[in-house]
Amino acid sequence: MTTKQEKLNRLCDKNGIIGALAIDQRGALRRMLGEDTPVKQLEEFKVLVSKYLTRYASSILLDPELGWEAATARSENAGLLVAYEKTGYDKTVAGRFPDLVENVSVQRLKAQGADAVKVLLYVDIDEGKEVNDIKEAFIERIASECKAEDMPFFLELVSYDAKVTDEKEYAKLKPHKVIEAMKLYSQERFGVDVLKVEVPVNMKYVEGFAKDDILYNKKEAAAFYKEQSDATSLPFIFLSAGVSAQLFQDTLRFAKEAGSTFNGVLCGRATWADATKAYQEGGQEATIKWLETVGKQNIIELDTVLQETATPVTF
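Residues numbered from 1 in each chain as written. Predicted model: local features only at pLDDT ≥ 70, side-chain atom pairs only at ≥ 80, totals over all residues. Heavy atoms only, no water.

*Asks:* Sorry, what's going on with the overall build of the protein chain here?
*Replies:* Each helix and strand in the protein chain was counted, giving eleven helices and eight strands. Dimensions of the protein chain, computed from C-alpha atoms along their principal axes, come out at roughly 45 × 45 × 45 Å. Burial status across the protein chain gives 55% buried among its 315 residues. Sequence-distant contacts in the protein chain: of pairs separated by 6 or more residues, those separated by 24 or more amount to 73%. Total accessible area computed for the protein chain in this model is approximately 14,200 Å², and 48% of it derives from carbon and sulfur atoms. Separation of charge centres in the protein chain, based on 41 positive and 50 negative side chains, amounts to 1 Å. (Helix = DSSP H or I, 4+ residues; strand = E, 2+ residues; numbered from the N terminus. Buried < 20%, exposed > 50% of the residue type's maximum accessible area, 1.4 Å probe, protein only. Contact = heavy atoms within 4.5 Å. Areas by Shrake-Rupley, 256 points an atom, 1.4 Å probe, with all protein chains shown as cover. Lys, Arg positive; Asp, Glu negative; His and termini not counted. Charge placed at Lys NZ, Arg CZ, Asp CG, Glu CD.)

If you want it as structure tokens, here you go:
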């Protein structure tokens, strides 16, 4: 039987860096390809991304609703993470509460070949005990399930503010929200093996990256990256949050220079987003052409940056 340690190692490259490809998107992918896109085409798109890009990734993150075919299409070198949560959240209820896919369990994911379970949690650290206590208990339950099955647990934290929706206003709050959430969910009771997190600042408002509005000079921004890195003793990886491939690569270099000891990435749309346009306009053939050229270039360039900037993980 494969041990938890072996499963974790499968998700890393030979240098101990996590260079994972994320395509567990469901609602977001449907919006990108068109709301009326048939399930079969959503599955096919994931298969193409998995088949042609996992050759260059340490692992791939997929979902249990549309992703099993893509999981079998992945390269032999690539480990498999599977999302456990439902996509999105109920917008009619305050709190952005998480929910799990009904016909899925950690036991079932393990049986189907997953090397790790991933759960996304929207979290506003300041929202109040009546909301956050429910989320904490939710993660504790998943931790117990993963422990029982000896399965690695990746927790993805996406920050927000319950009252502030303006992007620029939120950018002022983001460092506090991201860093404090990391501190909280690094506690042993949550059983997390790897944190998947946002970078602590919105780079669109950082000196040298911003076009107009500058909220942070480079020194201030760098201090937040260092503070974030020091906030946890757990391995942590960055999510790309849909930014361009170039900005994400530049961000990783900035993080390294700031003293961040991040252990890799789980990169989704920054790698493959424009393949959705190729799929809409030219179907499978055009998508394969895009993936074998631009997509391949994106992921190889990202890996080159990762090898220069990421800290090898020790589990």
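*Asks:* In this structure, what is going on with the nonpolar core? I would like to understand it.
*Replies:* Of all hydrophobic cores here, the largest spans 82 residues; its most connected members are Ile 139, Leu 157 and Phe 238. Here this core takes ten residues from helix 11 (residues 275-309), the largest share from any one element. Counting 14 residues, the second largest nonpolar core, distinct from the first, contains Leu 8, Ile 18, Ala 20 and Ile 237. (Core = buried A, V, L, I, M, F, W, Y, C linked by side-chain atoms within 4.5 Å.)

*Asks:* Before we go on, may I ask you to explain the packing of helix 8 (residues 218-230) against helix 9 (residues 245-258) in this structure?
*Replies:* In contact at an axis separation of 8 Å, helix 8 and helix 9 are set at 80° when each is read in the N-to-C sense. It follows that helix 8 is roughly perpendicular to helix 9 by the angle criterion. Here Lys 218, Ala 221, Ala 222, Tyr 225 and Lys 226 of helix 8 come into contact with helix 9, specifically with Thr 251, Phe 254, Ala 255 and Ala 258. Of the residues in the contact of helix 8 with helix 9, the class split is six nonpolar, one polar and two charged. (Axes fitted to C-alpha atoms, helices over the stretch in contact; angles between N-to-C directions. Parallel < 35°, antiparallel > 145°, perpendicular 65-115°, else oblique. Nonpolar A, V, L, I, M, F, W, Y, C, P; charged D, E, K, R; others polar.)

*Asks:* In this structure, what is going on with the side chain of Ser 159? I would like to understand it.
*Replies:* As for its placement among the helices and strands, Ser 159 is situated in strand 5 (residues 153-159). What makes Ser 159 buried here is its relative accessible area of 9%. A distance of 2.7 Å separates the side chain of Ser 159 from the side chain of Tyr 170, its partner in a polar contact. Those residues in contact with Ser 159 that lie beyond four places of it in its chain are Val 123, Tyr 170, Lys 174, Lys 177, Val 178 and Glu 198. (Polar contact = N/O pair within 3.5 Å; in protein donor to acceptor, adjacent residues only side chain to side chain.)

*Asks:* Is there a simple way to think about the pairing of strand 5 in this case?
*Replies:* In regular strands, side chains alternate between the two faces of the sheet. With respect to burial, strand 5 is a largely interior element, seven of its seven residues being buried. Here strand 5 shows two buried faces, one formed by Phe 153, Leu 155, Leu 157 and Ser 159 and the other by Phe 154, Glu 156 and Val 158. In this structure, strand 4 (residues 116-123) lies alongside strand 5, joined through seven bridges in parallel fashion. Looking across to strand 5, one finds that Tyr 122 is bridged to Val 158. Of the pairings in the sheet, the one linking strand 5 to strand 6 (residues 194-197) comprises four bridges and is parallel in character. Paired with Leu 155 across the bridge in strand 6 is Leu 195. (Pairing = 2+ DSSP bridges.)

*Asks:* Where do I start with the pattern of salt bridges in this structure?
*Replies:* When their charged atoms lie close together, side chains carrying opposite charge are able to pair. Evaluated as defined, the whole model comprises 25 salt bridges. Close ionic contact of Lys 40 with Glu 69 constitutes a salt bridge, the shortest N to O distance being 4.0 Å. One end of the pair, Lys 40, is in helix 3 (residues 39-53); the other, Glu 69, is in helix 4 (residues 68-73), with 29 residues separating them in the sequence. With relative accessibility at 57%, the residue Lys 40 sits in the exposed group. For Lys 196, the salt bridge goes to Glu 156, with nearest N and O atoms at 3.3 Å. Of the two residues, Lys 196 sits in strand 6 while Glu 156 sits in strand 5, which places them 40 residues apart along the sequence. Among the residues examined, Glu 156 registers a relative accessible area of 7% and is labelled buried. One continuous salt-bridge network, built from bridges that share partners, spans Asp 24, Arg 26, Glu 65, Glu 85, Lys 118, Glu 156 and Lys 196. (Salt bridge = Lys/Arg side-chain N within 4 Å of Asp/Glu carboxyl O.)

*Asks:* Explain unusual backbone geometry here, please?
*Replies:* Peptide bonds are trans in most cases, and residues, glycine excluded, mostly fall at negative phi. Residue Arg 96 is not a glycine yet carries a positive backbone phi of 50°. Structurally, Arg 96 can be placed in the loop between strand 3 (79-83) and helix 5 (106-111). Looking at Arg 96, the relative accessible area reads 25%, which means it is partly exposed. Of note in the backbone geometry, Ala 241 takes a positive phi value of approximately 55° without being a glycine.

*Asks:* Whenever I open this one, the sheet that holds strand 4 confuses me. Can you help?
*Replies:* The pairing of strands in a sheet comes from backbone hydrogen bonds and takes either a parallel or an antiparallel form. With parallel pairing, the eight strands of this closed barrel are ordered in space as 1-2-3-4-5-6-7-8. Taken pair by pair, the neighbouring strands of this sheet meet at an average axis angle of 25°, ignoring direction. Strand contacts of helix 9: strand 7 (236-239) and strand 8 (264-267), with the helix running at about 145° to strand 7, the strand carrying the most contacts.

*Asks:* Teacher, can you tell me more about the packing of aromatic side chains here?
*Replies:* How two aromatic rings sit relative to each other is given by the distance of their centres and the angle of their planes. Counting across every chain of the model gives ten aromatic pairs. On the numbers, 5.7 Å between centres and 90° between planes, the contact of Phe 209 with Phe 254 is edge-to-face. You can see Phe 209 sitting in the loop between strand 6 and helix 8 and its partner Phe 254 sitting in helix 9, a full 45 residues away along the chain. Linked through ring pairs, Phe 209, Tyr 225, Phe 236, Phe 238, Phe 254 and Phe 262 together constitute an aromatic cluster. Over the aromatic face of Tyr 89 sits the side chain of Lys 91, whose NZ or CZ is 5.0 Å from the ring centroid. (Phe/Tyr/Trp six-rings, centres within 6.5 Å; stacked < 30°, edge-to-face > 60°. Lys NZ or Arg CZ within 6 Å of the ring centre and 35° of its normal.)

It is worth stressing that arrangement in space is one thing and function is another; only the former is reported here.
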